[in-house]
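# Structure assessment
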Amino acid sequence: MATGPAMADDTPKGITSKVAMCIGCHSIPGYQASFPEVHKVPMISGQNAKYIAAALTAYRQGDRKHPTMKGVAASLTDQDIQDIAAYYEAHGKDLPGAGGRGRAPSQQVQALLTKGNCIACHGEGLNKPIDASYPKLAGQHADYLYVALKAYQVSGKGPIGRNNAIMSAQVKSFTQAELKLLADYASGLQGDLKTVPQARFR
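Residues numbered from 1 in each chain as written. Predicted model: local features only at pLDDT ≥ 70, side-chain atom pairs only at ≥ 80, totals over all residues. Heavy atoms only, no water.

## Quick look at the environment of Gly-123
Summarising the element assignment, Gly-123 is placed in the loop between helix 7 (118–122) and helix 8 (142–153). Look at Gly-123 and you get buried, because its relative accessible area is 5%. Remark: the alpha-carbon pair of Gly-123 and Asp-94, spanning 29 residues in sequence, is separated by 22 Å. (Helix = DSSP H or I, 4+ residues; strand = E, 2+ residues; numbered from the N terminus. Buried < 20%, exposed > 50% of the residue type's maximum accessible area, 1.4 Å probe, protein only.)

So this is what it looks like as structure tokens:
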């Protein structure tokens, strides 16, 4: 895999063609997917490039099981993945991020955050990961986060599991109700993530 983005050599037309399959879902505010259950598609503008690249690679390799995303990722070269990831990390940097209720966690949520050791990887406010290969969570859609967390509980099983040793170990002891509480809390935090409509969708 290429070690870094090469967008300096890519024309705007070139990157536009590379993200053409992405904008139909990720550039429509409030757009919902219906698999494995109805939920908003994740906001990816402002996300870490290294994480986006890792996620796309996982879909391509089958470590993340999602038919639509696997089909998209399978069509991408390593360089395409790097370019798309770099594009979305920078996309909408001048626009405000999502979330922002700024609430302190309840005692119950704080206990869950501590149990999962969430801050150790995802950083302050769940928006400053200690490594760029970890995602920013703050402000992300709660229903998407909930579905993603549940997917780590069924790693390697059926059409929806996610294989990740760290996350699978972290979430296996949580109930679905507890995962939902965590997802709802993270969604309300101020973050960098956003949905930026493309011109044709504005």
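## Side note on helix 8
Its 12 residues place the ends of helix 8 17 Å apart at the C-alpha level, agreeing with the 16 Å of an ideal helix rising 1.5 Å per residue. Buried within helix 8 we find Ala-142, Tyr-144, Leu-145, Tyr-146, Val-147, Ala-148, Leu-149, Lys-150, Ala-151 and Tyr-152. On its buried face, helix 8 is in contact with strand 2 (39–40), helix 3 (49–61), helix 9 (165–171) and helix 10 (176–187). (Expected span 1.5 Å × (residues − 1). Contact = heavy atoms within 4.5 Å.)

## Focus: the environment of Arg-64
Tracing the backbone through its elements, the reader meets Arg-64 in the loop between helix 3 and helix 4 (67–74). With 13 residues separating them along the chain, Arg-64 and Thr-77 place their C-alpha atoms 17 Å apart. Those residues in contact with Arg-64 that sit more than four places away from it in its chain are Tyr-51, Ala-55, Ala-58, Tyr-59, Tyr-144, Tyr-152, Gly-161 and Arg-162. For Arg-64, the side chain forms a polar contact with the side chain of Tyr-152, separated by 3.4 Å. (Polar contact = N/O pair within 3.5 Å; in protein donor to acceptor, adjacent residues only side chain to side chain.)

## Focus on the confidence of the model for the protein
Predicted confidence across the protein gives a mean pLDDT of 89, with 90% of residues reaching 70 or more. Long-range and interchain partners of residues 1–11, a stretch whose pLDDT sits below 50, account for 22 contacts in this model, where long-range means more than four residues apart. (pLDDT = per-residue confidence, 0-100.)

## Focus: the state of the cysteines
A covalent bond between the sulfur atoms of two cysteines is what we call a disulfide. Summed over all chains, the structure comprises zero disulfides. With no disulfide partner, Cys-22 has as its closest neighbouring cysteine sulfur the one in Cys-25, 9.1 Å distant. The closest cysteine sulfur to the non-disulfide-bonded Cys-118 is located on Cys-121, 8.8 Å from its own sulfur. (Disulfide = S-S within 2.5 Å.)

## Some points on unusual backbone geometry
With an omega dihedral of 0 degrees, the bond running from Phe-35 to Pro-36 counts as a cis peptide bond. A positive phi angle is found at Leu-126, which is not glycine, with a value near 55 degrees. Position of Leu-126 relative to the elements: it lies in the loop between helix 7 and helix 8.

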